[in-house]
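# Descriptive analysis of the structure
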Amino acid sequence: IPHKMFRAILLCTVLSACQGAILKPSWRSFGLRQQCPPKPPTVKELDIEKYLGKWYEQKRIPASFQLNTRCVRAEYGLNDAGEVTVHNTATKQDGSFDEIFGTAYVPDPNYPGELLVKFPGVPVDGAYWVLETDYENFSVVYSCIDYIFGLIHFEFAWILSREQNWDPAMIQEKVD
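A brief report on the enclosed structure follows. Each chain has its residues counted from 1, following the order in which its sequence is written. In view of the model being predicted, local features appear only for residues whose pLDDT reaches at least 70, and side-chain atom pairs are presented and counted only at 80 or more, with totals across whole chains, interfaces and linings using the full set of residues. With hydrogens and water excluded, all non-hydrogen atoms of the structure serve as input to the side-chain values.

### Observations concerning the overall build of the protein
Under the scheme used here, helices are H or I runs from DSSP no shorter than 4 residues and strands are E runs no shorter than 2 residues, and both carry numbers assigned from the N terminus. Counting secondary structure elements, the protein contains three helices and nine strands. Walking the protein from its N terminus toward its C terminus, one meets helices and strands in the order α-β-α-β-β-β-β-β-β-β-β-α. A contact between two residues is defined here by any heavy atoms of the two lying within 4.5 Å. Taking the intrachain contacts of the protein between residues at least 6 apart in sequence as the baseline, contacts between residues at least 24 apart amount to 58%. Counting every atom, the protein has about 9,700 Å² of accessible surface; 54% of that belongs to carbon and sulfur. Per-residue and other accessible areas were derived by the Shrake-Rupley procedure at a 1.4 Å probe size, with only the shown protein chains allowed to occlude residues.

So this is what it looks like as structure tokens:
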């Protein structure tokens, strides 16, 4: 794969989500000659209005685009066109901010928990699958995308909360 294409694919995939989580130690964020595991079930209903607002990363599967970042936050809103807006912010090691703006949409209304996220300059929309949420406290998000006929895959997961410093026992419950 040409270097620029690889970087574009990587960037698109990793930026498709805003926060991160290590859900199971056996999960990998990147795999060669392995396809994504079977798709996990997503929420059967997703009330976008309730989902809007700020979410803070509590745990993540390590992602190259998030290396040396902390205090990761996503804020979701609605624009005048009715699209979900995405504003991801992370604090870099030097104290500066890394941020990106995009939009999210549900491509198939039969699967409302399986969103795609578009970011400017990224050629492929990234997956953002909501596995579980109570809207008020937490959300568990997962993404896995196969490239080049399954020769390469990128896998990500995040545990998000409405609070910056969520109860560690609750985080562990979602990890398990």
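So, next bit.
### Remarks on the pattern of salt bridges
Each reported salt bridge corresponds to a side-chain nitrogen of Lys or Arg within 4 Å of a carboxyl oxygen of Asp or Glu. Counted according to the given criterion, the structure contains three salt bridges. Across the pair Glu173 and Lys174 runs a salt bridge, and its minimum N-O distance is 3.7 Å. Its relative accessible area of 15% is what places Lys174 among the buried residues. If you follow the salt bridges from partner to partner, you end up with Glu132, Glu173 and Lys174 in one network. Three exposure classes are used, based on accessible area relative to the maximum for each residue type with a 1.4 Å probe and protein chains only: buried under 20%, partly exposed in between, and exposed over 50%.

### Regarding unusual backbone geometry
If a residue is not glycine, its phi is most likely negative; likewise, a peptide bond is most likely trans. If you check the backbone angles, Tyr135 has positive phi at about 70 degrees while not being a glycine. You can see Tyr135 is positioned in the loop between strand S7 (126-133) and strand S8 (138-147).

### Brief notes about the pairing of strand S6 (residues 114-118)
Two elements, strand S5 (residues 97-105) and S6, share three bridges in a ladder whose sense is antiparallel. Paired with Thr103 across the bridge in S6 is Lys118. At least two bridges found by DSSP between two strands is the condition for calling them paired. Where S6 lies against S7, four bridges are found, and the strand directions are antiparallel. Bridged to Glu114 within S7 is Trp129.

### Some thoughts on empty space enclosed by the protein
The distinction between a cavity and a pocket rests on a 1 Å grid over the protein atoms alone: a 1.4 Å probe fits inside a cavity but cannot get out, while a pocket stays open yet meets protein on both sides within 12 Å along at least five of seven lines, and a residue with an atom within 4 Å of a point counts as lining. Grid points are joined across faces, edges and corners, and a volume is the space filled by probe spheres set on the points. Using the criterion set out here, one finds one cavity of 30 Å³ or more in the structure. Of the voids in this model, the largest cavity is the one considered here, and its volume is about 90 Å³. Lining the largest cavity, in full, are Leu46, Ile48, Tyr51, Leu52, Tyr76, Val84, Val86, Ala104, Leu115, Val117 and Tyr128. When residues of the lining of the largest cavity are traced back to their parent elements, those giving at least two are helix H2 (48-51), strand S4 (84-92) and S6. A per-class count over the lining of the largest cavity returns 11 nonpolar, no polar and no charged. Residues are sorted three ways: Asp, Glu, Lys and Arg are charged, Ala, Val, Leu, Ile, Met, Phe, Trp, Tyr, Cys and Pro are nonpolar, and all the rest, Gly among them, are polar.

### Digging into the environment of Ile48
Inspection of the secondary structure puts Ile48 in helix H2. For the pair formed by Ile48 and Pro112, sequence separation is 64 residues and the distance between their alpha carbons is 9.2 Å. Not counting chain neighbours up to four residues away, the residues in contact with Ile48 comprise Val84 and Leu115.

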